[in-house]
Amino acid sequence: MTFLQDDRKYWEQMRQGDQKALFELYHLMYFHLIRFGLKVCGDDELVKDCVNQLFLNLWDKRAALPPVEQVKSYLMTSLKHNILDQLSDLDKTNAALLNMVAEEAHAELSYEDIIINVQHDDQLKRKLELAIAQLTPRQMELIRLKFFEDLSYEQIAGVTSQTVKTAYNTIYDAIKSLRKLLK
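These lines cover the structure that appears in this document, whether it is placed above or below. (Residues numbered from 1 in each chain as written. Predicted model: local features only at pLDDT ≥ 70, side-chain atom pairs only at ≥ 80, totals over all residues. Heavy atoms only, no water.)

Across its full length, the protein chain holds eight helices and zero strands. What you see in the protein chain, going N to C, is helices and strands ordered as α-α-α-α-α-α-α-α. Relative to a compact globule of 183 residues, whose C-alpha radius of gyration would be 16 Å, the protein chain shows 20 Å and is clearly more extended. The contacts in the protein chain between residues at least 6 apart in sequence include a share of 64% that link residues at least 24 apart. (Helix = DSSP H or I, 4+ residues; strand = E, 2+ residues; numbered from the N terminus. Rg over C-alpha atoms; globule rule 2.2 N^0.38 Å. Contact = heavy atoms within 4.5 Å.)

This next bit is on the nonpolar core. Among the nonpolar cores identified, the biggest contains 27 residues, and Trp11, Met14, Leu25, Leu33, Phe55 and Leu75 are the most heavily contacted of them. Where this core is concerned, the elements lending two or more residues are helix H1 (3–15), helix H2 (19–40), helix H3 (44–60) and helix H4 (71–106). Discounting chain neighbours no more than four positions away, the residues touching Leu25 are Asp7, Tyr10, Trp11, Met14, Phe55, Val71 and Leu75. Among the nonpolar cores identified, the runner-up in size contains 15 residues, and Leu145, Ala167, Tyr168 and Ile171 belong to it. (Core = buried A, V, L, I, M, F, W, Y, C linked by side-chain atoms within 4.5 Å. Buried < 20%, exposed > 50% of the residue type's maximum accessible area, 1.4 Å probe, protein only.)

Right, let's get into the side chain of Asn52. Along the chain, Asn52 turns up in helix H3. Those residues within four positions of Asn52 in sequence are excluded, and the remaining contacts are Tyr26, Tyr30 and Tyr168.

For the rest of this paragraph, the subject is the packing of aromatic side chains. One pass over the structure, following the stated rule, counts five aromatic pairs. Here the aromatic rings of Tyr26 and Tyr30 are separated by 5.2 Å at their centres, their planes lie at 40°, and the arrangement is tilted. Of the two residues, Tyr26 and Tyr30 are both situated in helix H2; the distance of four residues between them amounts to about one turn of the helix. Comparing Tyr26 with Tyr30 shows no difference in burial state: the two are buried. Relative to Phe55, the ring of Tyr26 has its centre 5.1 Å away and its plane inclined at 80°; by these criteria the two rings are edge-to-face. Of this pair, Tyr26 sits in helix H2 while Phe55 sits in helix H3, and the two are 29 residues apart along the sequence. The two residues Tyr26 and Phe55 agree in class, both being buried. Through a chain of ring-to-ring contacts, three or more aromatic side chains come together here, namely Tyr26, Tyr30, Phe31 and Phe55. In this arrangement the basic side chain of Arg62 is found over the ring face of Trp59, its NZ or CZ atom lying 3.8 Å from the centre. Between the NZ or CZ atom of Lys146 and the centre of the ring of Tyr153, over which it lies, the distance is 4.2 Å. (Phe/Tyr/Trp six-rings, centres within 6.5 Å; stacked < 30°, edge-to-face > 60°. Lys NZ or Arg CZ within 6 Å of the ring centre and 35° of its normal.)

Turning to the layout of surface pockets, a few remarks are in order. Empty space among the atoms becomes apparent when a probe as large as a water molecule is rolled across them. Counted as a void, the largest pocket has a volume near 590 Å³. As for the largest pocket, its lining consists of 20 residues, of which Asp49, Gln53, Gln86, Tyr153 and Tyr168 are closest to the centre. When residues of the lining of the largest pocket are traced back to their parent elements, those giving at least two are H3, H4, helix H6 (137–148) and helix H8 (164–182). Examining the composition of the lining of the largest pocket, we find that six residues originate from one element, H3, more than from any other. Across the lining of the largest pocket, the residue classes break down as nine nonpolar, four polar and seven charged. Of the volumes computed, that of the second largest pocket is approximately 230 Å³. Around the second largest pocket, the lining comprises 14 residues; the ones closest to its centre are Leu22, Phe23, Phe55, Leu56 and Asn169. Within the residue set of the lining of the second largest pocket, elements represented by two or more residues are H2, H3 and H8. Here the lining of the second largest pocket is composed, by residue class, of seven nonpolar, three polar and four charged. (1 Å grid on protein atoms, 1.4 Å probe; cavity = no way out; pocket = protein on both sides within 12 Å on 5 of 7 lines; lining within 4 Å. Points joined across faces, edges and corners; volume = space filled by probe spheres on them. Nonpolar A, V, L, I, M, F, W, Y, C, P; charged D, E, K, R; others polar.)

So this is what it looks like as structure tokens:
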């Protein structure tokens with residue numbers, strides 16, 4: 001079977017709910033997508049995150065996916081859109097942060113405003129602590145390593161004796177849970 005036939009076969013099986021086919025498609029396309037993504041954006045962590053997110057999204061929306069003849073092209077186009085969306089979000093976040101810093105430099109807070117902000121921060125911290133406490137012990141450990149100790153996925157995998165993919169998926173699931181709990 002040729003590469004083109006394999007990817008179409010895995011695509012159709014994945015659309016029908018075959019998780020193994022999703023993993024086969026992932027393994028078949030991963031390095032092609034990484035190489036392509038690095039041409040779009042030089043940030044390798046962002047590209048890896050977008051590739052993994054692409055496959056998670058495919059699985060979530062598998063029932064609504066159309067039949068595709070050129071699977072590799074479809075995935076590359078989707079990846080490009082994901083990367084550009086992420087870069088756009090980063091630009092918006094950076095612009096908002098710059099605006100906040102500029103506004104804070106011009107406006108001095110009153111004593112009451114400072115107290116309100118501190119109370120709001122405390123409430124937010126308590127909500128986050130309660131949400132994190134509802135995660136599994138493994139999720140809590142990986143969240144701590146990723147966000148509090150600022151380790152890369154490769155470093156986390158080495159520390160926890162897991163694969164990078166497992167570490168990424170566990171952290172992704174934990175973040176998804178935290179978002180639901182914090183709404």
